[in-house]
Amino acid sequence: MPNKFRDRFWGSMFWILVTATMVVCLVGGAAGIAPSWRAQVGDGTRGTFTATRLECRKACFVYGDFTADDGVARRTDVMLLDGPEKMTPGSTEPALDTGERGAVYSTSGGPSLVWALAMTAGGLVLAAFLVRMVILSVRRRRRRSA
């Protein structure tokens, strides 16, 4: 005998998780497209990134300070994207500040733009899936009531 409460609970959890994943992918991916595109084409404030710390869990993230070549602009405690995976404190890397909140990009290039586009595409696929499921649900209810 099916437990209706349990089935509805897990059904609701599925839709909540799909919707939350869609929002995270769309917002996170779309927010990263413009800054990573600017870095890919070399547009931004050129400068030097100096590593201050390395945080490693499943992957390593390098944090440090960015100083523009003109010496005027300076950002502290920013992440280096598209750079070497591991840098020792005090080591430097040429970088671009493209306006990304909390991060600068290495001038050597990397996969950030691909990841931003892939996240956005994944969010769009989930959005299309949700819209399709809503349409099918509405059609099913209309057939039952007719």
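Nothing here was measured: the structure is a model prediction, and the numbers come from that model.

Asker: Explain a nonpolar patch on the surface here, please?
Answerer: On the surface, a cluster of nonpolar side chains totalling about 410 Å² of accessible area is made up of Phe-5, Phe-9 and Trp-10. With respect to the helices and strands, the residue Phe-5 is situated in helix α1 (residues 4–40). Take Phe-5: its relative accessible area is 67%, and that puts it in the exposed class.

Asker: Would you mind going over helix α2 (residues 112–145) with me for this structure?
Answerer: Note on helix geometry: an α-helix contains 3.6 residues per turn, so any two residues three or four positions apart are oriented the same way. A rise of 1.5 Å per residue sets the reference length of α2, with its 34 residues, at 50 Å; its end C-alpha atoms lie 50 Å apart and thus fit the reference within 8%. Considering only its buried residues, α2 is in contact with α1, β3 (74–81) and β5 (103–106).

Asker: Explain the packing of α1 against α2 to me, please; I cannot follow it from the model alone.
Answerer: To characterise two packed helices, one gives the angle between the axes of the helices and the distance between these axes. Closest axis-to-axis distance for the α1/α2 pair is 7 Å, and the angle between their directions is 150°. The hand of the α1/α2 crossing is left-handed.

Basis of the calculations
- Residues numbered from 1 in each chain as written.
- Predicted model: local features only at pLDDT ≥ 70, side-chain atom pairs only at ≥ 80, totals over all residues.
- Heavy atoms only, no water.
- Patch = residues over 30% accessible without salt bridge, like charges linked within 9 Å, V, L, I, M, F, W, Y side chains within 5 Å.
- Areas by Shrake-Rupley, 256 points an atom, 1.4 Å probe, with all protein chains shown as cover.
- Salt bridge = Lys/Arg side-chain N within 4 Å of Asp/Glu carboxyl O.
- Helix = DSSP H or I, 4+ residues; strand = E, 2+ residues; numbered from the N terminus.
- Buried < 20%, exposed > 50% of the residue type's maximum accessible area, 1.4 Å probe, protein only.
- Expected span 1.5 Å × (residues − 1).
- Contact = heavy atoms within 4.5 Å.
- Axes fitted to C-alpha atoms, helices over the stretch in contact; angles between N-to-C directions.
- Left-handed = near helix turned anticlockwise from the far one by under 90°.

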